[in-house]
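Given next are the chains, with one letter for each unit.
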Amino acid sequence: MLAFAAKRLAQSIVVVFIMSALVFVGVYAIGNPVDILINPQADQAEIAAATRALGLDQPLWRQYWNFISGAFAGDLGKSFAANIPAVRLIFERMPATLELALAAMVIAVLLGIPLGLWAGLKPDTVSGRAIMAGSILGFSLPTFWVGLMLIMVFSVWLGWLPPTGRGATVMVLGLPVSFLTWDGLAHLFMPALNLALFKLSLLIRLTRAGTREALAQDYVRFARAKGLSMERVVRVHVLKNIMIPIVTVTGLEFGSVIAFAIVTETIFAWPGMGKLLIDSINVLDRPVIVAYLLIIVLIFVLINLLVDLAYTALDPRVRLAGRST
Amino acid sequence: MNRLLALPLLAFSLAVPAADLSIALGGDVTSMDPHFHNLTPNNNIGAHVFETLVAKDAGGRFKPALAESWRAVDDTTWEFKLRKGVRFHDGSIFTAADVVYSLDRVPTVPNSPSPFTTYTKQVTDKIVVDPWTLRLKSAAPYPQMPIDIGTVLIVSSKAAAGATTDDFNTGKATVGTGPYKFVRWQKGDRIELARNDAYWGPQAPWDRVTFRIITSDPTRVASLLAGEVRAIENVPTTDLARLSRDKDLAVYRTVSVRLMYLHLDTARDKTPFVTDKAGKPLDRNPLKDLRVRRAMSKAINRPALVERVMEGAAVATGQLMPEGFFGFTPALKPEPYDPEGARKLLAEAGYPDGFGLTLHAPNNRYVNDEQIAQAIAQLLARIGIQTRVDAMPASVYFSRGTKLEFSFMLVGWGADTMEASSPLKALLATFSKDKGMGTANRGRYSNPKLDAVLDQALATVNDPKREKLLQQATEIGVGDLGIIPLYHQHNLWAARRGIVYEARADERTFAHEFKPR
């Protein structure tokens, strides 16, 4: 188990290295951040001074070297635009994004699996077909459009929910969370639903397909023939066997929800780290971009590890440390 | 919190108490340090907490603020009489020492991506005559000193002593003389301010002000419609008609000092993005020919751009400043739309069939920038100049433009100083690193006659004389079509009914200038 985790970590360090080098070269190729950060009224001497102040006058390899040596000392650099350590900027915004992502995944799982199961068990009923039709809409409607429609309907026309921002927060274990207040929940609901929609549709389709397949298996027929109730067959024989792909997808999707909640965060003015990334890309704020991607890589590694651990719990045949394949 | 818990979810109250104001801003703030990053959203928030010696009214005219009056003692010395009885938020008294401290702090702020030295570097000496009289000297005549110094926000020499940018972000050093006190900054989300009851000027109308950062245009509008905020800035032009019709809302607008213009490569003999109609590079650069530039200017239907693409939120122009601003030249009218005349001029210049051209434009910087570029390309195509549009994010666009990779570009210029010297210096003066001129002259237009008149203007302290010289320089530069002026944008705000805003030419959104009716 420990060796397995260590191997994963070693792999992720290689990924982080390659990624940071790519971002350095990429931002360098796009242009000089000072060209966009500096006030247009500044003259040539001031542009040169600002470029020097940010260390951008150095050759690229030296800038990268400075970054790497700083990173090993635990310093990923300061934001060009804010002069605040990039990691601090990201961590300040991270609780909001994690909360949003978690809420979205809870909605997706709590609705997606039961609905998918229903559609799988009763594929030819009106309700089963309606669920599938709904999931196609969830797949194909663009997030930003659905977000704007939600705001239009629930905030502007009905006036039920606040359109933007994060509500009142309370501190839990040192982290600000908003789902424990009414105000917070009211603000959380629409963006979480918006973010969940795609994952929800994915889970519905995945669960339905798995269910349909499992129902045709011999062990299910045998269990039925043995006289077990349908409810027990579904719970013990079907659900448990279709969980492995569902857990994998849920885990991976959770990572992508955290990393790419950008559109939802922008539409709902949710003060998360996705919005920070977009703003940073717009002004070529390289330290923030690199630190952000680095943190995302680590989150993905962690989630994958947890997914693997969940496998062993769900399926005793799966062993870690790579022997199982 | 208890109040909120008591409310059922669906009946969640969106109304705000009458004495509070929430405003949605379109651009994010990067720092509370007023000397760290010369960026409009930062300066906008800073001007609530801190003040300048000289301020601007809504129309862009200069008015006394922390300085009651100012005068040129001689060609290289300005004297500022400071306002007496002004207190900082911590109770300490404002004196000339605070001004000197602030001016000295500007060049020392570490890691500044856009320093305020632009406005302080010409000051060679600061003489405190008495606590309320300050003399600033410069090496050369410096008529714009009050304007430049009027851009620097004054911090407290006590509260900000040795303060870092972080100290301003947390509020420790965010102690000014302004109408509002700093309460809280939640990055990327909101800034909260509370009224300064001891303010020396008229009391601000709102007890508490919350600035929300909502960068997505449709969301900002939806927040106003839903009543979550009571005012917004940067109203998208697509929503203008709808908001104007809404009886619960009011739209406020005025013409901006931001000029949208086309810059052309008038310097190089061969320019990268001019081709013949088959796409082969041309041996000579037609943009160097004034007749070609004139033809292009005539081909652009400015009233149509303003009405169709900008939904009326702009004013067509044939010069640098909008009417009523320093350096406006009454003789220069917007070029009338004349495709026939344009074709004739092209033929005269030896291009009866036109040529091929690429117009580069940003797609996330100015109001409707990409659409404007598309419309211009179509208009040019009508006189035979096959124009391709290449639009890109501002982060790519400005870097490439500054490296002179383009031949023809759509750009905007905000004359922060409210006078024609700003665009003249940056866009039309000959590019020179030593003189600090032509910084944004990406077409490398150069005319020694203009440079001479401009130099003279920049050294003339007498205002009427200076304005004459600036008008003369404008006539030379625009006469040569060193740039092709298009229009001045409108600055737009919208608010719930009952809240009135005097729209400002300088794009600032000041909470204390929103008034309940």
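All residue numbers refer to positions counted from 1 along the written sequence of the respective chain. Whichever chain is written first becomes A and whichever ligand is written first becomes 1, with later ones labelled in order. Thresholds applied to this predicted model are a pLDDT of at least 70 for local features of residues and 80 or more for the giving and counting of side-chain atom pairs; totals over whole chains, interfaces and linings are not thresholded and use all residues.

The next subject is the overall build of chain B. A tally of regular secondary structure across chain B gives 16 helices and 20 strands. Against the globule reference of 24 Å for 517 residues, chain B gives a C-alpha radius of gyration of 24 Å, in line with a compact fold. Expressed as lengths along the three principal axes of its C-alpha atoms, the size of chain B is roughly 75 × 65 × 40 Å. Of all 517 residues assigned to chain B, the portion counted as buried reaches 52%. Remark: residues whose backbone-derived C-beta atoms lie within 7 Å of one another are considered to be in contact. In chain B, 68% of the contacts between residues at least 6 apart in sequence involve partners at least 24 apart. Per the convention used, a helix needs a DSSP run of H or I reaching at least four residues, while a strand needs a run of E reaching at least two, with both numbered from the N terminus. Only the C-alpha atoms count toward the radius of gyration. The rule for a globule is 2.2 Å times the residue count to the power 0.38. Three exposure classes are used, all based on how many other C-beta atoms lie within 10 Å of a residue's own C-beta (placed from the backbone): buried at 20 or more, exposed at 12 or fewer, and partly exposed between those limits.

On to the domain arrangement of chain B, then. Size of an interface, as often reported, equals the accessible area lost when the parts are brought together. Residue and element names in this part refer to chain B. The assigned domain composition of chain B is domain 1 (27-187) and domain 2 (257-489). Domain start and stop positions are those given by an automatic or database domain assignment. Summarising the inter-unit geometry, the C-alpha centres of domain 1 and domain 2 are found 34 Å apart. The interface is formed by 10 residues belonging to domain 1 together with 10 residues belonging to domain 2. Of the residues contributing to the side of domain 1 that touches domain 2, the split by class is 5 nonpolar, 3 polar and 2 charged. Under this grouping Gly is polar, as are all residues other than the nonpolar Ala, Val, Leu, Ile, Met, Phe, Trp, Tyr, Cys and Pro and the charged Asp, Glu, Lys and Arg.

Turning our eyes to something else, we now look at the environment of Phe4 of chain A. Among the secondary structure elements, Phe4 of chain A is positioned in helix H1 (residues 2-30). With 301 residues separating them in the primary sequence, Phe4 of chain A and Leu305 of chain A have C-alpha atoms 9.0 Å apart.

We now examine the interface of chain B and chain A. Contacts between chain B and chain A engage 53 residues on the former and 56 residues on the latter. Breaking the side of chain B that touches chain A down by element, the ones donating at least two residues are helix H1 (2-5), helix H4 (117-120), strand S10 (208-213), helix H7 (217-225), helix H13 (394-402) and helix H14 (421-428) of chain B. With 7 residues, H13 of chain B is the largest single contributor of residues to the side of chain B that touches chain A. Taken together, the residues that form the side of chain B that touches chain A break down as 23 nonpolar, 22 polar and 8 charged.

In this fold, Phe139 of chain A is placed in helix H6 (residues 126-140). Distance in space between the C-alpha atoms of Phe139 of chain A and Leu100 of chain A is 20 Å, their sequence separation being 39 residues.

A few words on the sheet that holds strand S7 (residues 133-138) of chain B. Residue and element names in this part refer to chain B. A pair of strands is considered paired only if DSSP assigns at least 2 bridges between the two. Pairing is antiparallel across the open sheet formed by 4 strands, whose spatial order is S4-S5-S7-S6. Either end of the sheet is taken by a strand with one partner, and the two such strands are strand S4 (67-74) and strand S6 (123-130). Going from strand to strand, the sheet's axes swing by 20° on average, the running direction of each strand aside. One ladder, built from 6 bridges, connects S6 with S7; its direction is antiparallel. Working convention: axes come from line fits to C-alpha atoms, limited for helices to the stretch in contact. Angles between N-to-C directions cover 0 to 180 degrees.

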